[in-house]
Amino acid sequence: MSDSDAQRTAAIRATIAEFLKQRLNDKLDKITKDDEERAAKSTALHAQFRPATWIEDAARRVAQIQAVTHSLKPIHPDARGSSLYCDPKELPASNEVGSHVLADGFDTDVVGNAAALDVYKLLKLRHGGSSLLELAVAGDAALAAALSNDADQGQTWMSAFAGLAAPRGNPASHTLAKQIYWPVGDDPHDDASYHLLAPLYPTSLVHHVYQTLQDTRFGDEAKAAREARKQGVFHERPVREYPNLAIQSLGGTKPQNISQLNSERHGDNCLLASLPPLWRSPDVKPLYGVASLFKRYGARRAVRDVAVQLRRFLAAAPAANVGTRQTRDDLVLALIDELVQFTAELGTLEPGWSNASECELSPAHRAWLDPLGAEAKVDDAAEHVAHDFANWLNAQLRDPLPVGDPEFLYWRQLAREPLQDLQGEVVHEY
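Residues numbered from 1 in each chain as written. Predicted model: local features only at pLDDT ≥ 70, side-chain atom pairs only at ≥ 80, totals over all residues. Heavy atoms only, no water.

## So, the overall build of the protein chain
Working step 1: Counting its secondary structure elements, the protein chain contains 16 helices and 8 strands.
Working step 2: Taking 2.2 N^0.38 as the reference for a compact globule, 430 residues should give roughly 22 Å; the C-alpha atoms of the protein chain span a radius of gyration of 33 Å, well beyond that estimate.
Working step 3: Along the longest, intermediate and shortest principal axes, the C-alpha atoms of the protein chain span 95 × 65 × 50 Å.
Working step 4: Here the protein chain holds 430 residues, and the buried ones make up 34% of them.
Working step 5: Pairs at least 24 apart in sequence give 61% of the contacts found in the protein chain among residues at least 6 apart.
Working step 6: Accessible surface for the protein chain amounts to roughly 25,500 Å². Of this, 51% is attributable to carbon and sulfur atoms.
Working step 7: Mean positive and mean negative side-chain charge positions of the protein chain (45 and 58 charges, respectively) differ by 8 Å. (Helix = DSSP H or I, 4+ residues; strand = E, 2+ residues; numbered from the N terminus. Rg over C-alpha atoms; globule rule 2.2 N^0.38 Å. Buried < 20%, exposed > 50% of the residue type's maximum accessible area, 1.4 Å probe, protein only. Contact = heavy atoms within 4.5 Å. Areas by Shrake-Rupley, 256 points an atom, 1.4 Å probe, with all protein chains shown as cover. Lys, Arg positive; Asp, Glu negative; His and termini not counted. Charge placed at Lys NZ, Arg CZ, Asp CG, Glu CD.)

Written out as structure tokens, the structure reads:
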């Protein structure tokens, strides 16, 4: 054995020894001081956690558990069918969310006898960027040598551990598992026109969703972003909300009986709201009593929020770099998007509303908001509105920022193209 192999063997052996030492200490801590059999129990535990003894027992018990990405027990705890390990990198790509999105990394779950889950905790230990399970599957000689000084014994135990990731027998369903008849033919009366599907619980995907939600709801960065929103200041991280989130408990008081990852989630299974959106649109009313459309546009809550965010961002004197320019432009474009949305809403009114005596809008604003009914025809209405948008935005930023003509010209340039595109779409449609 080379010096490098000997060093790897020693390092892996030290990792295993530290794992066993920690588990032994946890067991010893549970023995009460007044336990009359304390000495005997302590001696028995020390014997049990000798590396050779524990590893031999673990190699025997590993057959009681299986590494999976899709499990059956969450479907029904008494189902006895197959659970499967499907590497997300080998799954076909799809536009829908599925386990294939985990190709860049995922957590493997383990099902089977909960009393043997400590074996998987050993195999999750990492050395040199790989887990001990990955080393076992690869037949790593240093791992075999670390498991036992007897070369044949080390190979035998390593092969047993590698079997954790191997399929167990032929795939089989169970009477307590869910089954779906999926039509694949044209004749609904023909049994051959159906495939019988047995859906499994995508436990690795569920765990990834759970970790994402935990970070979004309770992570330090997420909390800081919510506080920034509350204070009305900029934060790089977006705030995400998951309304009507439901929590399904799997396994009751013994979530480990379902799977290892379910135990790590304390049995929590997050269910996103599967509801159609409830659209609440305010009544769209003609713009009467105002001389500029930006009077009503600027009062919209979304517009106010973005304008305040832009003003505070620029007032903080951010560094003059690409990131600052991109953030600034994104916020301005968000205001332009709101202007396009505002225009589209007014476009749902009956044409001709701008000709009423109550309408005080300028001819350009009438032609922009009521292109099919306004008496005054203004060919370059989009140019006028882009001009007025730039003036309006400068007015929002002028206190405390020293904005002037250069900023005006830049805002107008950003607004001109999307507004002209929108005007062209209206002309083309009619």
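Now, onward.
## Topic: helix H12 (residues 301–315)
Working step 1: The end-to-end C-alpha distance of H12 is 21 Å, a good match for the 21 Å that 15 residues give at a rise of 1.5 Å each.
Working step 2: When H12 is considered as a whole, its buried residues turn out to be Val303, Val306, Ala307, Leu310 and Phe313. For H12, the angular spread of buried residues about the axis comes to 130°, placing them on one side.
Working step 3: Buried residues in H12 make contact with helix H11 (293–297), helix H13 (322–346) and helix H15 (381–397).
Working step 4: Phi turns positive, to about 55°, at Ala317, one or two residues after H12. (Expected span 1.5 Å × (residues − 1). Arc of directions from axis to C-beta.)

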